[in-house]
Amino acid sequence: VAGGNCMRDSTPLPRRCTAEIVGTFILVFFGIGTIHAAVLTGAQQGLWQVAVVWGSAISLAIYAIGAISGAHMNPAMTLSFAVFRGFSWRQVPWYVLSQFLGAFLAAAVLYAMFRGVLSQFEAAHRIVRGMAGSELSAMVYGEYFPNPSVAASRAWMNVAVSLPQAMLAEGVGTAFLAFFVFAVTDARNQSGPGRRLTPVFIGLTVSIIISVVAPLTQAGLNPARDFGPRLFAYWAGWGPIAIPGPRGGFLTVYILSPLAGAILGSALYQFAIAAGAVSLTKQPEERVLQGAEWEELNDNPAGE
């Protein structure tokens, strides 16, 4: 999510896709890895710790692969960059497939690591994988509404978060994500954090969104983050609890809503904020971050 076209134009597509696989793997491994630790072992103390790990993982992934692929790591952001920032439509399906693959591989590695702990958790809570109620363990991969862990601790019923409410939460959360990503990666935004700190602020954006949305829907905000691990969970024994889920809605809540939300958030920035900035500064020739600007960081550490 570093800025759509923030890559060397000469970088071959296979290398960009490899970077997207690696970046999404990093994001999902540490992101749902901290959910594994929180749910299965009680290692995290509160939602904010989980949110900070997610945000830190995203920041580090952007630093690692941003100069190669632009560090989209999210089909919703790839779509937004294609619509509003000139990212090649020809490359969109390859990026999306790479993101799904990176997320799936991260889920598989985490399952190999936590398999024994996961079985003990299910036995202790009398969970039969693939049966009603097993979303309490499946939630470490795919996502559910209401958040199964919060619902169990608060004695919520399913009506606490309806399908339309879940769609709204994911859509609004992803709209905020896209809005702020477009804001902090826009070179015309003179109040932005600067190129060196942009990944940090994108990570913080994710953390604050998770803090609000996760109690309701687990805060997917990313179709690859949800579907890759969800597909793995389907094959790992959760079956219909993973896909289509106990209440359905995974397609509308965790794929379509983030896509729509990202388009809405990025459009709001482009037409309501960025257009005004161009008019005020009278510098319409300025553009968003490009690959060459990432290369300049090596010679200009202060980002000046």
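A brief report on the enclosed structure follows. (Residues numbered from 1 in each chain as written. Predicted model: local features only at pLDDT ≥ 70, side-chain atom pairs only at ≥ 80, totals over all residues. Heavy atoms only, no water.)

### Focus on the overall build of the chain
For clarity, the cut-off: Secondary structure elements are taken from DSSP: a helix is a run of H or I of four residues or more, a strand is a run of E of two residues or more, and numbering for both begins at the N terminus. A simple rule labels every residue: compare its accessible area, found with a 1.4 Å probe on the protein chains alone, to the largest value its type can have, and call it buried under 20%, exposed over 50%, or partly exposed in between. Each accessible area is a Shrake-Rupley result for a 1.4 Å probe, and residues are judged covered by the shown protein chains and nothing else.
Along its length, the chain carries 11 helices and zero strands. The N-to-C order of helical and strand elements in the chain reads α-α-α-α-α-α-α-α-α-α-α. Split into buried and exposed, the 304 residues of the chain put 54% on the buried side. Of the accessible surface of the chain, which amounts to about 13,100 Å², a share of 66% is contributed by carbon and sulfur atoms.

### Remarks on the packing of aromatic side chains
Applied cut-off: Classification of ring pairs uses Phe, Tyr and Trp, with its six-membered ring standing for Trp, and accepts pairs whose centres are within 6.5 Å; under 30 degrees between planes counts as stacked, over 60 as edge-to-face, and the remaining range as tilted. Both a distance and an angle decide whether a charge sits over a ring: NZ of Lys or CZ of Arg must be within 6 Å of the ring centre and within 35 degrees of the ring normal.
Inspection of the entire model under this criterion finds 17 aromatic pairs. Ring geometry for F87 and Y95: centres 4.8 Å apart, planes at 65°, overall edge-to-face. According to the relative accessible area criterion, Y95 is buried, its value standing at 0%. On the numbers, 5.6 Å between centres and 55° between planes, the contact of Y141 with W238 is tilted. One end of the pair, Y141, is in the loop between α5 (135–138) and α6 (148–154); the other, W238, is in helix α9 (residues 223–238), with 97 residues separating them in the sequence. Judged by its relative accessible area of 0%, Y141 falls in the buried class. A network of ring pairs unites the aromatic residues F104, Y111, Y141, F232, W235 and W238 as a single cluster. The cationic tip of R85 hangs over the ring face of F182; the distance from NZ or CZ to the ring centre is 4.2 Å. Above the ring of Y144, the side-chain terminus of R230 is found at 5.3 Å from the ring centroid.

### A look at the packing of helix α4 (residues 92–124) against α9
As a reminder, the rule being used: A fitted line through C-alpha atoms serves as each axis, taken over the contacting stretch for helices, and the angle formed by two N-to-C directions is quoted from 0 to 180°. Orientation categories follow fixed angle ranges, with anything under 35 degrees roughly parallel, anything over 145 roughly antiparallel, 65 to 115 roughly perpendicular, and all other angles oblique. Here a crossing is called left-handed whenever its near helix is offset anticlockwise from the far helix by less than a right angle, and right-handed whenever the offset is clockwise. Here a residue-residue contact requires only that any non-hydrogen atoms of the pair lie within 4.5 Å. Lys, Arg, Asp and Glu make up the charged group, whereas Ala, Val, Leu, Ile, Met, Phe, Trp, Tyr, Cys and Pro make up the nonpolar group; the residues left over, Gly among them, are polar.
Interaxial distance between α4 and α9 falls to 8 Å at its minimum, and their mutual angle equals 45°. Taken together, the axes of α4 and α9 lie oblique to each other. Viewed along their axes, α4 and α9 form a crossing whose handedness is right-handed. For the pair α4 and α9, the contacting residues are Q99, F100, A103, F104, A107, A108, Y111, L118 and E122 in the first and P223, A224, R225, F227, G228, P229, L231, F232, W235, A236 and W238 in the second. Considering only residue class, the contact of α4 with α9 consists of 16 nonpolar, two polar and two charged.

### Examining helix α1 (residues 13–41)
Operational definition: The span you would expect from a helix comes to 1.5 Å times its residue count less one.
Look at α1: 40 Å from first C-alpha to last across 29 residues, which is about the 42 Å you get at 1.5 Å a residue. Backbone geometry just after α1 places G42 at a positive phi near 70°.

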